[in-house]
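Residue-level structure breakdown
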Amino acid sequence: MASEIVIHPDDVVKQGWLVKQSKHLKEWRRRWFVLTPQYLCSFKNQGENRNPTEWIRLRECSTVKSADEDTTKENSFRVDTPTRVFYLIAESGQEKESWIGQIGRQMVRRTVLMDDQQVEYQ
(Lines give C-alpha, C1' and ligand atoms only; values in the text may rest on other atoms or scores of the structure.)
Protein backbone atom coordinates (compact mmCIF):
# COMPACT_ATOMS: atom_id res chain seq x y z
CA MET A 1 0.00 0.00 0.00
CA ALA A 2 1.26 3.47 -0.88
CA SER A 3 0.11 4.81 2.49
CA GLU A 4 2.74 2.62 4.17
CA ILE A 5 5.63 4.32 2.35
CA VAL A 6 7.23 7.08 4.40
CA ILE A 7 10.50 8.57 3.16
CA HIS A 8 13.10 9.30 5.82
CA PRO A 9 15.37 12.24 4.86
CA ASP A 10 18.50 10.12 5.42
CA ASP A 11 17.28 7.63 2.76
CA VAL A 12 17.00 10.20 -0.05
CA VAL A 13 19.50 9.49 -2.84
CA LYS A 14 18.12 12.06 -5.31
CA GLN A 15 15.06 14.26 -5.60
CA GLY A 16 13.65 16.78 -8.03
CA TRP A 17 10.92 17.66 -10.50
CA LEU A 18 10.16 15.31 -13.39
CA VAL A 19 7.23 15.13 -15.77
CA LYS A 20 5.57 11.71 -15.84
CA GLN A 21 3.05 10.13 -18.13
CA SER A 22 -0.15 9.17 -16.32
CA LYS A 23 -1.13 5.52 -16.32
CA HIS A 24 -4.59 5.63 -17.89
CA LEU A 25 -5.05 8.94 -19.70
CA LYS A 26 -1.40 9.14 -20.85
CA GLU A 27 -1.30 12.82 -19.89
CA TRP A 28 1.99 14.43 -18.88
CA ARG A 29 2.04 15.71 -15.27
CA ARG A 30 4.75 17.46 -13.29
CA ARG A 31 5.59 15.61 -10.08
CA TRP A 32 8.22 15.78 -7.33
CA PHE A 33 10.23 12.55 -7.41
CA VAL A 34 12.24 11.07 -4.57
CA LEU A 35 14.69 8.22 -5.08
CA THR A 36 15.68 6.01 -2.15
CA PRO A 37 17.64 2.73 -2.13
CA GLN A 38 14.30 0.85 -2.32
CA TYR A 39 11.83 3.11 -4.17
CA LEU A 40 11.30 5.80 -6.77
CA CYS A 41 8.28 7.76 -5.51
CA SER A 42 6.25 10.60 -7.00
CA PHE A 43 4.43 13.30 -5.04
CA LYS A 44 2.24 16.20 -6.11
CA ASN A 45 4.23 18.67 -3.99
CA GLN A 46 7.87 19.22 -3.12
CA GLY A 47 8.75 18.34 0.46
CA GLU A 48 6.14 15.63 0.90
CA ASN A 49 7.50 12.40 2.38
CA ARG A 50 4.51 10.11 2.81
CA ASN A 51 1.63 8.75 0.70
CA PRO A 52 3.22 9.01 -2.76
CA THR A 53 0.91 9.29 -5.77
CA GLU A 54 2.90 6.42 -7.32
CA TRP A 55 5.93 4.35 -6.43
CA ILE A 56 8.25 1.91 -8.14
CA ARG A 57 10.00 -0.84 -6.17
CA LEU A 58 13.53 -0.77 -7.56
CA ARG A 59 14.01 -4.49 -7.00
CA GLU A 60 11.23 -5.04 -9.58
CA CYS A 61 12.84 -2.81 -12.23
CA SER A 62 14.43 -4.49 -15.21
CA THR A 63 15.65 -1.45 -17.17
CA VAL A 64 16.21 2.29 -16.96
CA LYS A 65 17.20 3.99 -20.21
CA SER A 66 16.67 6.91 -22.57
CA ALA A 67 13.23 7.09 -24.19
CA ASP A 68 13.49 10.14 -26.48
CA GLU A 69 12.57 8.00 -29.50
CA ASP A 70 9.72 6.21 -27.67
CA THR A 71 8.07 9.42 -26.50
CA THR A 72 9.33 11.85 -29.18
CA LYS A 73 10.12 14.15 -26.26
CA GLU A 74 13.56 15.48 -25.43
CA ASN A 75 15.18 14.45 -22.10
CA SER A 76 12.79 11.53 -21.57
CA PHE A 77 13.65 8.18 -20.04
CA ARG A 78 11.86 5.02 -19.07
CA VAL A 79 11.81 2.74 -16.06
CA ASP A 80 10.57 -0.76 -16.92
CA THR A 81 8.82 -3.03 -14.43
CA PRO A 82 7.05 -6.35 -15.10
CA THR A 83 3.62 -4.67 -15.09
CA ARG A 84 4.29 -1.21 -16.55
CA VAL A 85 6.73 1.08 -18.33
CA PHE A 86 7.03 4.46 -16.60
CA TYR A 87 7.91 7.36 -18.91
CA LEU A 88 9.54 10.39 -17.32
CA ILE A 89 10.97 13.68 -18.62
CA ALA A 90 13.79 15.57 -16.91
CA GLU A 91 14.35 19.33 -17.13
CA SER A 92 17.66 18.95 -19.03
CA GLY A 93 19.87 16.36 -20.66
CA GLN A 94 22.24 16.53 -17.70
CA GLU A 95 19.39 15.88 -15.24
CA LYS A 96 18.12 13.00 -17.39
CA GLU A 97 21.55 11.33 -17.31
CA SER A 98 21.81 11.94 -13.57
CA TRP A 99 18.42 10.27 -12.91
CA ILE A 100 19.24 7.31 -15.17
CA GLY A 101 22.62 6.87 -13.45
CA GLN A 102 21.28 7.14 -9.91
CA ILE A 103 18.31 4.83 -10.53
CA GLY A 104 20.61 2.33 -12.26
CA ARG A 105 23.06 2.41 -9.33
CA GLN A 106 20.26 1.69 -6.84
CA MET A 107 19.02 -1.20 -9.01
CA VAL A 108 22.55 -2.68 -9.15
CA ARG A 109 23.12 -2.05 -5.44
CA ARG A 110 19.93 -3.93 -4.63
CA THR A 111 20.99 -6.90 -6.78
CA VAL A 112 24.44 -7.02 -5.18
CA LEU A 113 22.93 -6.91 -1.70
CA MET A 114 20.53 -9.71 -2.58
CA ASP A 115 23.39 -11.77 -4.05
CA ASP A 116 25.50 -11.20 -0.93
CA GLN A 117 22.65 -12.35 1.30
CA GLN A 118 22.13 -15.46 -0.81
CA VAL A 119 25.83 -16.32 -0.52
CA GLU A 120 25.77 -15.84 3.26
CA TYR A 121 22.83 -18.22 3.70
CA GLN A 122 24.24 -21.05 1.58
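Structure: above.
Residues numbered from 1 in each chain as written. Predicted model: local features only at pLDDT ≥ 70, side-chain atom pairs only at ≥ 80, totals over all residues. Heavy atoms only, no water.

Describing the environment of W17
- Checked against the element boundaries, W17 lands in strand β1 (residues 14-21).
- Sequence separation between W17 and K44 is 27 residues, and the spatial gap between their C-alpha atoms is 9.8 Å.
- Setting aside residues no more than four positions away along its own chain, W17 makes contact with R30, R31, W32, K44, N45, Q46 and E91. (Helix = DSSP H or I, 4+ residues; strand = E, 2+ residues; numbered from the N terminus. Contact = heavy atoms within 4.5 Å.)

Comments concerning the sheet that holds strand β4 (residues 54-57)
- Read from one edge to the other, the open sheet built from 7 strands follows the order β4-β3-β2-β1-β7-β6-β5, with strand pairing classed as antiparallel. Two strands in the sheet have a free side with no partner beyond their single neighbour: β4 and β5 (63-66). Averaged over neighbouring strand pairs, the angle between their axes works out to 30 degrees when direction is ignored.
- Of the strand pairs in this sheet, strand β2 (residues 28-35) and strand β3 (residues 39-43) are connected by 4 bridges, and their pairing is antiparallel. Within the sheet, the bridge partner assigned to F33 lies in β3 and is S42. (Pairing = 2+ DSSP bridges. Axes fitted to C-alpha atoms, helices over the stretch in contact; angles between N-to-C directions.)

Remarks on the side chain of Q21
- One can find Q21 in strand β1.
- If sequence neighbours within four positions are ignored, Q21 has contacts with K26, E27, W28, R84 and Y87.

As for the nonpolar core
- Of all hydrophobic cores here, the largest spans 17 residues; its most connected members are L40, F77, V79, W99 and I103.
- Those elements that provide at least two residues to this core are β2, β6 (76-80), β7 (85-89) and α2 (93-121).
- No other element matches α2, which puts 4 residues into this core. (Core = buried A, V, L, I, M, F, W, Y, C linked by side-chain atoms within 4.5 Å. Buried < 20%, exposed > 50% of the residue type's maximum accessible area, 1.4 Å probe, protein only.)

Here we look at the pairing of β7
- The buried fraction of β7 amounts to 4 of the 5 residues, a majority that puts the element mostly inside the structure.
- Pairing analysis gives 5 bridges linking β6 to β7, with the strands arranged antiparallel. Considered in β7, the bridge of F77 is made with L88.
- If you look at the hairpin formed by β6 and β7, you'll find 4 residues sitting between the two strands.

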